[in-house]
Amino acid sequence: MQSHEGRVGMKVCVTGAGGYIGSWLVKNLLQRGYTVNATLRNPKNEAKTGPLLSLPGAAERLKIFQADLCEEGAFDSAVEGCEGVFHVASPMDFSKLSEDDYVQPALKGVLNVLKSCSRAKSVRRVVHTSSTAAACPLNEEGELISGSTLDESRWTPVDFMRRKQDPFNFYYLSKTLAEKAAIEYGLNSGEMEVVTIGPGYVAGPGITSTFPVTCGEILRPITGSSEPLKLNESFLGSIPLVHIDDVCEAHIFLMEQPNVQGALMKMIIVFLCQLLLRNFWIWGFLISMLLKTFLIRLSNWPNLVDY
Ligand SMILES: NC(=O)c1ccc[n+]([C@@H]2O[C@H](COP(=O)([O-])OP(=O)(O)OC[C@H]3O[C@@H](n4cnc5c(N)ncnc54)[C@H](OP(=O)(O)O)[C@@H]3O)[C@@H](O)[C@H]2O)c1
């Protein structure tokens, strides 16, 4: 990949650019001089495209493409001529009830994106956004493995996740299967590197017109039931939290470093999250996040009251 100085003008693609992380990543990339091809499912949705198109640098260096993860070849035009691809898109809507709603788009989607990258021939590296959801320290019975470290060798047990038909389980399953597929594709691909990154719960500022799902989840101890957080804690042994700026910084770091391979970054972000393991830390983090971000930006997210 290019050096720090050489990235200005480098063309990259961001999938899921209308989402919370994707849109903040686009903002960061434009700020750094990248040219960005952004994919959304529905570019006619002005609530999603508006915040992107009004970003500084967007008029000159941002192009929006339509692409659905489930459609083979849908990403061909968006990745054409790109050197790097950030594959961020994946279902995060926990209102869906079937395994197929999560696993199909995540698993088929990552392979569709990677195949488009292979066809493009210009892509040298793909950074795939995975999750700590793919690295649960659980045994096959779903029991926490005490004293375990989350690192790139840790994988969520898929049979356990399949046993309970619940949207959170489907999400964990989808992230695990998609990350494994991405790494395998990268290992078999001679032409490009695939690197994965595993953030915990992401929070912080954003440009989306709706309040991000995971920020709402994090606020639940204050606004409502903490059940989803407790479920996640039972899978992960903690509630790992990470600031969106750190997540975007890490994505770009992975794109810019000359030598990175496999699931290296999974470990680094998980390590950041480990610093915030216990409830004591969560409250400290929550309060600082509230002060730093949410309270200042309430007017940007009118549907915050839904949480
Ligand atoms: N937020 C977190 O705490 C967190 C933590 C760890 C990992 N992650 C991962 O980070 C990524 C982004 O999450 P987020 O928090 O930004 O969620 P988000 O705001 O819900 O964004 C999800 C994105 O995925 C896209 N998407 C979903 N299904 C799709 C499909 N069938 N075809 C094309 N695009 C599809 C959506 O596209 P549209 O905009 O077109 O609807 C949206 O842009 C996901 O891979 C997620 O697993 C998130």
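Not measured: the values here are computed from a predicted model.

Turning our attention to the overall build of the protein. Helix and strand content of the protein: 12 helices and 8 strands. A separation threshold of at least 6 residues defines the contact pool for the protein, and within that pool the share at least 24 residues apart is 73%.

Among the 6 residues in strand β2 (residues 35-40), 5 count as buried, and that is most of the element. The pairing of strand β1 (residues 11-15) with β2 spans 4 bridges and is parallel. Bridging across to β2, Cys 13 finds its partner in Asn 37. Regarding topology, helix α1 (residues 20-31) serves as the crossover connection from β1 to the parallel β2, and that connection is right-handed. As defined by bridge partners, β2 adjoins strand β3 (residues 62-66) across 5 bridges and the pair is classed as parallel. Opposite Val 36, over in β3, you have Leu 62 as the bridge partner.

The next point concerns the sheet that holds strand β4 (residues 84-87). The parallel open sheet is built from 6 strands, whose spatial order is β3-β2-β1-β4-β5-β6. Here the strands that pair on one side only, and so sit at the sheet edges, are β3 and β6 (193-197). Averaged over all pairs of adjacent strands, the angle between their axes in this sheet comes to 20 degrees, without regard to strand direction. As paired strands, strand β5 (residues 125-129) and β6 are joined by 5 bridges and run parallel to one another. What sits directly across from Val 126, in β6, is Val 194. The strands that helix α5 (residues 99-120) touches are β1, β4, β5 and β6; relative to β4, the one it contacts most, it runs at about 175 degrees.

By nearness alone, 28 residues border the ligand, and Gly 18, Gly 19, Arg 41, Ser 90 and Thr 214 come closest of all. Looking at the shell around the ligand, the elements with two or more residues in it are α1, β7 (201-203) and α8 (213-223). Sorting elements by how many residues they give to the shell around the ligand places α1 first, with 3 residues. Class assignment for the residues of the shell around the ligand results in 15 nonpolar, 9 polar and 4 charged.

Another point: the nonpolar core. By size, the foremost hydrophobic cluster in this structure holds 76 residues, and its most contacted members are Val 12, Val 14, Val 26 and Val 85. Counting residues per element, this core draws most heavily on α5, which supplies 9 residues.

Bringing unusual backbone geometry into the picture now. Positive phi is not limited to glycine here, since Lys 121 has a value of about 70 degrees. Here Lys 121 is to be found in the loop between α5 and β5. You can call Lys 121 exposed: it has 10 C-beta atoms within 10 Å.

Mean pLDDT for the protein: 85, with 82% of residues reaching 70 or above. Contacts of residues 291-300 to residues separated by more than four positions or lying in other chains number 6 contacts, the stretch itself having pLDDT below 50. Under a pLDDT of 50 for its full length, residues 302-307 has, in the predicted model, 9 contacts with residues more than four places off or in other chains.

Turning next to α1. Counted at 1.5 Å a residue, the expected span for α1 with its 12 residues is 16 Å, and the 17 Å between its end C-alpha atoms agrees. Of all 12 residues in α1, 10 are buried, a share of seventy percent or more. Looking only at α1, the buried set comprises Tyr 20, Ile 21, Gly 22, Ser 23, Trp 24, Leu 25, Val 26, Lys 27, Leu 29 and Leu 30. Positive backbone phi, at 95 degrees, marks Gly 33, one or two positions downstream of α1.

What follows is about the pairing of β5. Burial analysis of β5 places 5 of its 5 residues in the buried class, the great majority of the element. Because side chains alternate across β5, one face comprises the buried residues Arg 125, Val 127 and Thr 129, and the other comprises Val 126 and His 128, equally buried. As paired elements, β4 and β5 share 4 bridges and run parallel to each other. The partner of Gly 84 across the bridge, within β5, is Arg 125.

Reading guide: rules and limits
Residues numbered from 1 in each chain as written. Predicted model: local features only at pLDDT ≥ 70, side-chain atom pairs only at ≥ 80, totals over all residues. Helix = DSSP H or I, 4+ residues; strand = E, 2+ residues; numbered from the N terminus. Contact = placed C-beta atoms within 7 Å. Buried ≥ 20, exposed ≤ 12 C-beta atoms within 10 Å, placed from the backbone. Pairing = 2+ DSSP bridges. Right-handed = clockwise from strand over helix to strand, strands pointing away. Axes fitted to C-alpha atoms, helices over the stretch in contact; angles between N-to-C directions. Near = placed C-beta within 6 Å. Nonpolar A, V, L, I, M, F, W, Y, C, P; charged D, E, K, R; others polar. Core = buried A, V, L, I, M, F, W, Y, C linked by C-beta atoms within 7 Å. pLDDT = per-residue confidence, 0-100. Expected span 1.5 Å × (residues − 1).

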